[in-house]
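Structural description and commentary
Take a look at the letters that make up each chain.
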Amino acid sequence: MTNRRRALAGLVTVATLGLAIAGCGTDNSGGDSPSPTPADPKQALVASVKALADGNFKFTITDHESTGSGFVHAPSKSAQLEAKSKSDDVEFSIGFITIDKDRWIKLDLGAEINALAKIPDSWMHIDPAKLKDSEMVEEMDIDFANPEEVDPAGAAEIFKGLVTAEQTGDGAYSGTVDLSKATDAGVVDETIVSDLADKAKAIPFTAALDGDGRLTKLTLDIPAAGDVPAHKVEVTYSDFGSASAAEKPPANQTREAPASAYEMLNS
């Protein structure tokens, strides 16, 4: 099992941390239909993430300080993410596009901070060889053949920690998960899990499955931990099998990343 955070969710975390300067409706079309939903709630939830392994869907991720949305398109080895975050009343956003071996990033940290850090307001083409931070290199490198990396939230990892589960309605489930067993999941913050101590072993969740038994929504109710208030982590999935390939940013809106950008990303 890999110990790295999933790349797309990791970039949401990067945005949340201020890049070290201050890590939807359901369309069920497309794709092959999975097997019928198992009757056992735990088995149904574990089976619900199998469609994500194909790496062809849209997603949203929301927590107490950031929101992100994007899509994964494994057939073209491409993905795109847009995320917004707020820290100390300062709002900032990040855009990320990966197509095969090419990476582009766009940072909006506010006009004042962008100017101070000498960060252009255009898309920046990234040369991975200039990234000295090994974690950052991993965040930008997605193995589309690895099912554990194409899901930005890591729902499969979360469901490995299922403690209790029950079906509460048509396609509706609730229960508890042990997040101490799911710290490799992209939306799980290891520091929060550590601060939660034993509370992390019984985190309430709700989940929604579509008519084909595929996970379309997962919500975790995270208790207050340390300086972090109680909050919800919500992930949605849609457009299974019908996401679009990512496109390169327009040439007139793109430049090679300057030294100042690498200095920030490597800090």
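Check the entry above for the structure.
Presented here is an overview of the structure given in this document. All values reported here derive from a predicted model rather than from experimental measurement.

Procedures and definitions
Residues numbered from 1 in each chain as written. Predicted model: local features only at pLDDT ≥ 70, side-chain atom pairs only at ≥ 80, totals over all residues. Heavy atoms only, no water. Helix = DSSP H or I, 4+ residues; strand = E, 2+ residues; numbered from the N terminus. Buried < 20%, exposed > 50% of the residue type's maximum accessible area, 1.4 Å probe, protein only. Areas by Shrake-Rupley, 256 points an atom, 1.4 Å probe, with all protein chains shown as cover. Patch = residues over 30% accessible without salt bridge, like charges linked within 9 Å, V, L, I, M, F, W, Y side chains within 5 Å. Salt bridge = Lys/Arg side-chain N within 4 Å of Asp/Glu carboxyl O. Lys, Arg positive; Asp, Glu negative; His and termini not counted. Charge placed at Lys NZ, Arg CZ, Asp CG, Glu CD. Pairing = 2+ DSSP bridges. Core = buried A, V, L, I, M, F, W, Y, C linked by side-chain atoms within 4.5 Å. Contact = heavy atoms within 4.5 Å. Arc of directions from axis to C-beta. Polar contact = N/O pair within 3.5 Å; in protein donor to acceptor, adjacent residues only side chain to side chain.

**Structural notes on the overall build of the protein**
- Within the protein, the regular secondary structure consists of 8 helices and 12 strands.
- Looking at the protein as a whole, 48% of its 267 residues qualify as buried.
- Per element, the accessible surface of the protein, about 12,600 Å² overall, is 48% carbon and sulfur.

**A word on a negative patch on the surface**
- Negative charge collects at one region of the surface, where E65, D189, E190, D195 and D227 lie side by side.
- The residue D195 is located in helix α7 (residues 190–196) in this model.

**Digging into the pairing of strand β6 (residues 123–126)**
- With burial as the criterion, each face of β6 is covered, one bearing W123 and H125 and the other bearing M124 and I126.
- Two strands pair when backbone bridges link them, and strand β5 (residues 102–108) and β6 are joined in this way by 3 bridges, in the antiparallel orientation. Residue pairing for β6: W104 is matched across the bridge by H125.
- As paired elements, β6 and strand β12 (residues 254–256) share 3 bridges and run parallel to each other. In the strand pairing of β12, M124 is matched with R255.

**Focus on the nonpolar core**
- Formed by 62 residues in total, the largest nonpolar core has its most connected members in I158, L220 and Y237.
- Setting aside its immediate chain neighbours within four residues, I158 contacts A153, V177, A182, A185, V187, V188, L218 and L220.
- Ranked by size, the runner-up nonpolar core spans 7 residues in total, among them I99, W104, W123 and A246.

**Observations concerning helix α2 (residues 41–48)**
- Taken together, the buried positions of α2 are P41, A44, L45 and S48. Relative to the axis of α2, the buried residues are bounded by an arc of 95° and lie together on one face.
- At its buried positions, α2 is contacted by α6 (155–159), β7 (162–169), β8 (172–177), β9 (203–209) and β10 (215–222).
- Structurally, the start of α2 carries an N-cap: the backbone nitrogen of K42 is 3.1 Å from a side-chain oxygen of D40.

**Here's the deal with the pattern of salt bridges**
- Taken as a whole, this structure holds 7 salt bridges when the rule is applied.
- In this structure, the salt-bridge partner of R214 is D212, at a minimum N-O distance of 3.4 Å.
- Given the relative accessible area of 27%, D212 is considered partly exposed.
- Each of D210, D212 and R214 takes part in one network of salt bridges that share partners.

**A closer look at unusual backbone geometry**
- Although it is not a glycine, K118 adopts a positive phi angle of roughly 60°.
- By secondary structure assignment, the location of K118 is in the loop between α3 (111–117) and β6.
- One non-glycine residue, A197, lies in positive phi territory at about 55°.

**Things to note about the side chain of N56**
- Position of N56 relative to the elements: it lies in strand β1 (residues 56–62).
- There is a polar contact of 2.8 Å between the side chain of N56 and the backbone nitrogen of A243.
- Not counting the four nearest positions on each side in its chain, N56 is found in contact with V72, H73, P75, D239, F240, G241, S242 and A243.

**Let's talk about the environment of M140**
- Topologically, M140 is positioned in the loop between α4 (134–139) and α5 (147–150).
- For M140, a relative accessible area of 2% corresponds to the buried category.
- Separated by 43 residues in the primary sequence, M140 and I97 have C-alpha atoms spaced 9.2 Å apart.
- With residues up to four places along the chain from it excluded, the contact list for M140 reads F96, R103, I105, I126, L131 and L265.

**Comments concerning the pairing of β8**
- With 5 of its 6 residues buried, β8 lies for the most part within the structure.
- As defined by bridge partners, β7 adjoins β8 across 6 bridges and the pair is classed as antiparallel. Bridge pairing links Q167 to Y173 in β8.
- Counting the residues that bridge the hairpin from β7 to β8 gives 2 residues, and of these G171 lies at a positive phi of roughly 75°.
- As defined by bridge partners, β8 adjoins β9 across 6 bridges and the pair is classed as antiparallel. Each bridged residue has a counterpart across the sheet, and for G175 the counterpart in β9 is F205.

**Concerning the environment of Q167**
- Counting through the fold element by element, Q167 comes out in strand β7.
- The exposure class assigned to Q167 is partly exposed, which follows from its relative accessible area of 42%.
- Placed 128 residues apart in sequence, Q167 and A39 show a C-alpha to C-alpha distance of 9.1 Å.
- Discounting residues that sit within four places of it in the chain, Q167 has contacts with P41, A172 and Y173.
- A polar contact of 3.0 Å, which involves the side chain of Q167, links it to the backbone oxygen of G169.

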